[in-house]
Amino acid sequence: MQLTPGHSLLQEVLSASEGLARVEAELERIEAQLADPQVYGDEKALARALDRQQRLVDEYTSLGGQNYESRVRTTLLNLGFQESDFRLPVEVLSGGQKKLAGLARLLVQQPDLLLLDEPDNHLDLQGKAFLERFIREYRGAVVIVSHDRYLLDLVVDEIVELEDSRLTVFPGNYSEYAFEKQTCLLRQQQVFKAQQKEIQRLEQSAKNLLLWGRQYDNEKLIKRGRNILKRIERMEKVERPVLERKRMNLDLQGWVGSQKVLELRGLAKSFPAPDGGEELLFSGLDLRIDHGERVGLVGANGAGKSVLVRIILGQEEPSAGEVILGPSVRSGYYAQQHETLDLQRTLLDSVSLSANLSEEHSMALLTRFLFTYQQARGLVGNLSGGERSRLQLALLMRAGANFLILDEPTNHLDIPSAEVLEDALADFEGTVLVISHDRYFLDRICTHLLVLEGDGKTRWFTGNFQAYEEMIQAENPERLAHRRGKYKRLALR
């Protein structure tokens with residue numbers, strides 16, 4: 001998000017309506033004129049100024065200016081901000097808060113067309129839920145670029161796929177698109193095979209006619225053969241469908257170690273609060289994760305998920321309690337911001353040093369993860385977010401860990417790569433603890449959820465994210481949402 005440096009959160013959102021800002025500036029100028037003796041002492045000049053002021057007041061009213069600040073404040077509160085956040089400089093906002101501030105600006109402006117490029121990145125589950133409601137209830141048209149399959153299932157009416165320099169429109173949401181796409185490919189494969197068989201038959205017929213025509217000096221046969229070849233040239237060819245596009249080759253090899261993988265006993269973590277008290281993230285956390293379990297660690301931004309992971313990894317000390325790893329547990333860590341990568345190394349050096357491989361074997365590994373030889377010779381710092389994610393997964397695969405700790409592993413991955421990761425984790429003979437706001441991913445992977453609910457409270461839930469949502473909706477019927485609006489929603493894939 002490109003926010004204005006020096007603005008507070010409230011100032012930034014208030015400045016969204018350029019029309020109101022223009023009208024307010026004009027009204028201030030008119031008020032200054034009305035205080036000028038040359039204007040209020042001149043009957044005609046005064047009448048013109050008052051007439052201009054009335055037109056501006058009418059425009060101000062039509063733009064919703066009378067309750068504008070109140071609407072902005074209400075919008076920010078609905079997005080999850082606190083009154084105390086309104087004075088924060090935009091420079092100190094988190095990535096998720098900046099996204100929400102940008103959405104608040106859009107709510108204020110209400111344009112006819114919204115173009116949203118990965119709007120769900122950096123949002124926690126509460127922010128994603130608001131984004132879904134926002135898109136469904138929006139009265140204009142919406143075009144979304146997103147890799148969040150859960151979001152695309154809930155809010156879009158059409159998928160537009162950009163592939164091989166072509167746009168193809170599929171009606172329905174992401175799940176409907178995925179099914180229809182596969183159906184179309186299989187149908188195209190059948191038509192392609194039938195056409196190729198017909199072309200081979202015609203080519204053989206033309207070949208025979210040309211051969212016989214030359215042997216018997218029969219111009220009629222030669223002409224028939226040439227006509228068949230022209231017919232083949234004019235034929236509208238069906239392209240060979242690509243049923244399986246190249247994907248990264250991720251194979252996570254774990255092993256059965258001790259039955260108890262991780263135990264937390266009375267774990268607590270707090271920080272000094274600005275008011276002199278303590279800000280409690282969690283307290284008295286007792287937890288045991290056994291071999292084979294897939295645990296999703298979820299909660300709002302700032303709830304302490306990353307802090308808990310750092311405590312488990314031994315990178316940070318708890319305020320109280322202890323962390324006990326099983327005796328034969330070997331951990332592997334995937335960092336959300338790719339902190340485990342050395343940006344000044346080449347890809348080949350990163351793999352050869354981390355995985356203890358020769359250059360030849362390092363290149364072979366990088367090729368499995370869709371890197372070219374030119375990229376392998378380049379610096380890690382030159383890679384995109386998705387490419388760094390694939391490199392981290394390659395190193396994680398070579399680490400040979402049986403306990404994977406993953407922090408937002410799908411954040412920078414495209415959908416095919418996320419599906420490869422999901423399949424690899426499903427086959428992984430080990431244990432997984434994952435921080436994620438990707439609800440589709442949580443649904444496919446998790447057997448349990450550890451929810452950090454705020455104010456030091458935690459909840460342990462057996463089941464995937466969808467089952468957890470159903471339980472929460474049963475507890476809070478007013479949260480029953482996921483209703484699709486009547487306005488067209490378009491997703492670009």
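### Overview of a nonpolar patch on the surface
Piece 1. A cluster of nonpolar side chains, Leu211, Trp212 and Tyr216, forms an exposed patch at the surface whose accessible area comes to about 360 Å².
Piece 2. Examined against the element boundaries, Trp212 turns out to sit in helix H9 (residues 174-215).

### Here we look at the sheet that holds strand S13 (residues 457-462)
Piece 1. One open sheet accounts for 6 strands, arranged S9-S10-S11-S7-S12-S13; its pairing is mixed. Two strands close off the open sheet at either side, each with one partner strand: strand S9 (331-334) and S13. Going across the sheet, the axis of each strand differs from the next one's by a mean of 15°, ignoring polarity.
Piece 2. Two elements, strand S7 (residues 294-299) and strand S12 (residues 448-454), share 5 bridges in a ladder whose sense is parallel. Bridge pairing in S12 links Leu297 to Leu450.
Piece 3. Against the sheet, helix H11 (residues 305-312) engages S7, S9, strand S10 (403-407), strand S11 (431-435) and S12, with an angle of about 135° to S7.
Piece 4. The sheet strands contacting helix H18 (residues 465-475) are S12 and S13, and the helix crosses S13 at an angle near 120°.

### Concerning the packing of helix H12 (residues 347-355) against helix H15 (residues 385-399)
Piece 1. H15 packs onto H12 with a crossing angle of 20° between their chain directions and a minimal axis gap of 10 Å. Judged by the inter-axis angle, H12 sits roughly parallel to H15. The two elements H12 and H15 meet at a crossing, and its hand is right-handed. Listed contacts from H15 to Leu347, Ser350, Val351, Ser354 and Ala355 of H12 are Leu391, Leu395 and Arg398.
Piece 2. In terms of residue class, the contact of H12 with H15 is built from 5 nonpolar, 2 polar and 1 charged.

### Regarding the environment of Glu360
Piece 1. Following the sequence through the fold, Glu360 ends up in helix H13 (residues 359-368).
Piece 2. Distance in space between the C-alpha atoms of Glu360 and Leu348 is 9.3 Å, their sequence separation being 12 residues.

### Observations regarding H13
Given 3.6 residues per helical turn, the α-helix brings residues three or four places apart onto the same face.
Piece 1. Among all positions of H13, only Ser362, Met363, Leu365 and Leu366 are buried. Relative to the axis of H13, the buried residues are bounded by an arc of 160° and lie together on one face.
Piece 2. Looking at the buried side of H13, the elements it contacts are H12, helix H14 (373-377) and H15.

### Describing the pattern of salt bridges
Piece 1. Counted by the stated rule, this structure contains 29 salt bridges.
Piece 2. Residue Arg55 pairs with Asp51 through a salt bridge whose shortest N-O separation is 2.2 Å. Of the two residues, Arg55 and Asp51 are both situated in helix H4 (residues 43-62); the distance of 4 residues between them amounts to about one turn of the helix.
Piece 3. Measuring nitrogen to oxygen at the nearest pair gives 3.7 Å for the salt bridge that ties Arg265 to Glu322. Separated by 57 residues along the polypeptide, Arg265 in strand S5 (residues 260-272) and Glu322 in strand S8 (residues 320-325) bring together distant segments of the chain.
Piece 4. Taken together, the shared-partner salt bridges connect Asp120, Lys128, Glu132, Asp148 and Arg439 into one network.

### Quick notes on the sheet that holds S5
Piece 1. As summarised here, the arrangement of the 3 strands in space is S6-S5-S8, forming an open sheet in which the pairing is antiparallel. The open sheet has two edge strands, strand S6 (278-290) and S8, and neither has a second partner. Going from strand to strand, the sheet's axes swing by 15° on average, the running direction of each strand aside.
Piece 2. Here S5 pairs with S6 via 9 bridges, running antiparallel. In the strand pairing of S6, Leu264 is matched with Leu287.

### Some thoughts on the environment of Arg105
Piece 1. Within the fold, Arg105 resides in helix H6 (residues 95-109).
Piece 2. Here the alpha-carbon distance between Arg105 and Arg390, two residues 285 residues apart in the chain, equals 34 Å.

What counts, and where the lines are drawn
- Residues numbered from 1 in each chain as written.
- Predicted model: local features only at pLDDT ≥ 70, side-chain atom pairs only at ≥ 80, totals over all residues.
- Heavy atoms only, no water.
- Patch = residues over 30% accessible without salt bridge, like charges linked within 9 Å, V, L, I, M, F, W, Y side chains within 5 Å.
- Areas by Shrake-Rupley, 256 points an atom, 1.4 Å probe, with all protein chains shown as cover.
- Salt bridge = Lys/Arg side-chain N within 4 Å of Asp/Glu carboxyl O.
- Helix = DSSP H or I, 4+ residues; strand = E, 2+ residues; numbered from the N terminus.
- Pairing = 2+ DSSP bridges.
- Axes fitted to C-alpha atoms, helices over the stretch in contact; angles between N-to-C directions.
- Contact = heavy atoms within 4.5 Å.
- Parallel < 35°, antiparallel > 145°, perpendicular 65-115°, else oblique.
- Left-handed = near helix turned anticlockwise from the far one by under 90°.
- Nonpolar A, V, L, I, M, F, W, Y, C, P; charged D, E, K, R; others polar.
- Buried < 20%, exposed > 50% of the residue type's maximum accessible area, 1.4 Å probe, protein only.
- Arc of directions from axis to C-beta.

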